[in-house]
Amino acid sequence: MEVVIVPDAAAGGELIAEAMAQLLRRKPDALLGVATGSTPLPIYQALTAKVRSGAVDTARARIAQLDEYVGLPAEHPESYRSVLRREVLEPLGIGMDAFMGPDGTAEDVQAACRTYDRALAEAGGVDLQLLGIGTDGHIGFNEPCSSLASRTRIKTLTEQTRIDNARFFDGDIEQVPHHVITQGIGTILEARHLVLLATGEGKADAVAATVEGPVAAVCPASALQLHPHATVVVDEGAASKLKLADYFRHTYVNKPDWQGI
């Protein structure tokens, strides 16, 4: 696992956006796995700037969704499909025909989960998967003690998660769905490159457990240690609990420029 410590969220966004741009230059039809939330926004903003400047072409790029609410219509403004359309697809000039996501409105949700897992494989697999991390170490909606071999499946949201997400639903927790479809940890680990961005001191404990702790289901993100190409990008706040922070800084500064992340 490579750990890159950056000054702030904007610097992290630029670094990861450039890695995505380099991937698209090598493989114009790359399948990019994307996440929702505020943390990845600097990535999408930096990549959009590159597209608008002509530095990278996304005309053939494909987008894959990490998770989705169950029972929320696709056209609902807070469905993750709608959020990604606003924050990723439209700014990057990518049409919905290049978008893949699970069907949260399916009558048979478990079948929809299996269908999405197969679709990802049939599409050739995710080339680069963006991830955020929760303060408890969750990735996607894989909460602590999720199986490290789990596949795309339905998960029940904790009450705290529903409270946290109520801000997107006019502050009304009753509007927040109880269930989501999420790529499992085993599914996530099949992507060729995993890139996790974490910012702020509130994520410091989770980052330390992910990078320097044991691989354990109690910290789902620690499964990234098992991946052959995982990159963890953190600002100073999120890096503040890392015992090997100086080592990570040294190795990155002395890394060959051509190697990228």
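Residues numbered from 1 in each chain as written. Predicted model: local features only at pLDDT ≥ 70, side-chain atom pairs only at ≥ 80, totals over all residues. Heavy atoms only, no water.

- Going by what an unreviewed UniProt entry lists, the chain is known as Glucosamine-6-phosphate deaminase and is assigned to Streptomyces diastatochromogenes.
- Per its UniProt entry, the chain bears the Sequence similarities (unreviewed entry) comment "Belongs to the glucosamine/galactosamine-6-phosphate isomerase family. NagB subfamily."
- Per UniProt, the comment on the chain under Function (unreviewed entry) is "Catalyzes the reversible isomerization-deamination of glucosamine 6-phosphate (GlcN6P) to form fructose 6-phosphate (Fru6P) and ammonium ion." (UniProt positions renumbered as here; feature names shortened; annotations may be inferred.)

## Describing the UniProt feature "active site" (unreviewed entry) in the chain
Right, so step 1: In this structure's numbering, the residues bearing the UniProt feature "active site" (unreviewed entry) are Asp 67, Asp 136, His 138 and Glu 143. When the annotated set is filtered for residues lining the largest pocket, what remains is Asp 67, Asp 136, His 138 and Glu 143.
Right, so step 2: Turning to its location among the elements, Asp 136 is positioned in the loop between β6 (128–131) and β7 (153–156).
Right, so step 3: Under the relative-accessibility criterion, Asp 136 is labelled partly exposed at 33%.
Right, so step 4: In contact with Asp 136, other than residues within four places in its own chain, are Glu 143, Pro 144, Val 218, Cys 219 and Pro 220.
Right, so step 5: If you trace the backbone, Glu 143 turns up in the loop between β6 and β7.
Right, so step 6: Other than its neighbours up to four places away in sequence, Glu 143 contacts Asp 136, His 138, Lys 155, Thr 158, Thr 161 and Pro 220. (1 Å grid on protein atoms, 1.4 Å probe; cavity = no way out; pocket = protein on both sides within 12 Å on 5 of 7 lines; lining within 4 Å. Helix = DSSP H or I, 4+ residues; strand = E, 2+ residues; numbered from the N terminus. Buried < 20%, exposed > 50% of the residue type's maximum accessible area, 1.4 Å probe, protein only. Contact = heavy atoms within 4.5 Å.)

## Points about the packing of aromatic side chains
Right, so step 1: In the structure shown here, the tally under the stated rule is 4 aromatic pairs.
Right, so step 2: With a centroid separation of 5.8 Å and an interplanar angle of 80°, the aromatic rings of Tyr 69 and Phe 169 are classed as edge-to-face. Of this pair, Tyr 69 sits in strand β4 (residues 67–69) while Phe 169 sits in the loop between α5 (159–165) and β8 (179–182), and the two are 100 residues apart along the sequence. There is no split in this pair, since Tyr 69 and Phe 169 are both buried.
Right, so step 3: Relative to Phe 248, the ring of Tyr 247 lies with its centre 5.8 Å away and its plane at 55°, an arrangement referred to as tilted. (Phe/Tyr/Trp six-rings, centres within 6.5 Å; stacked < 30°, edge-to-face > 60°.)

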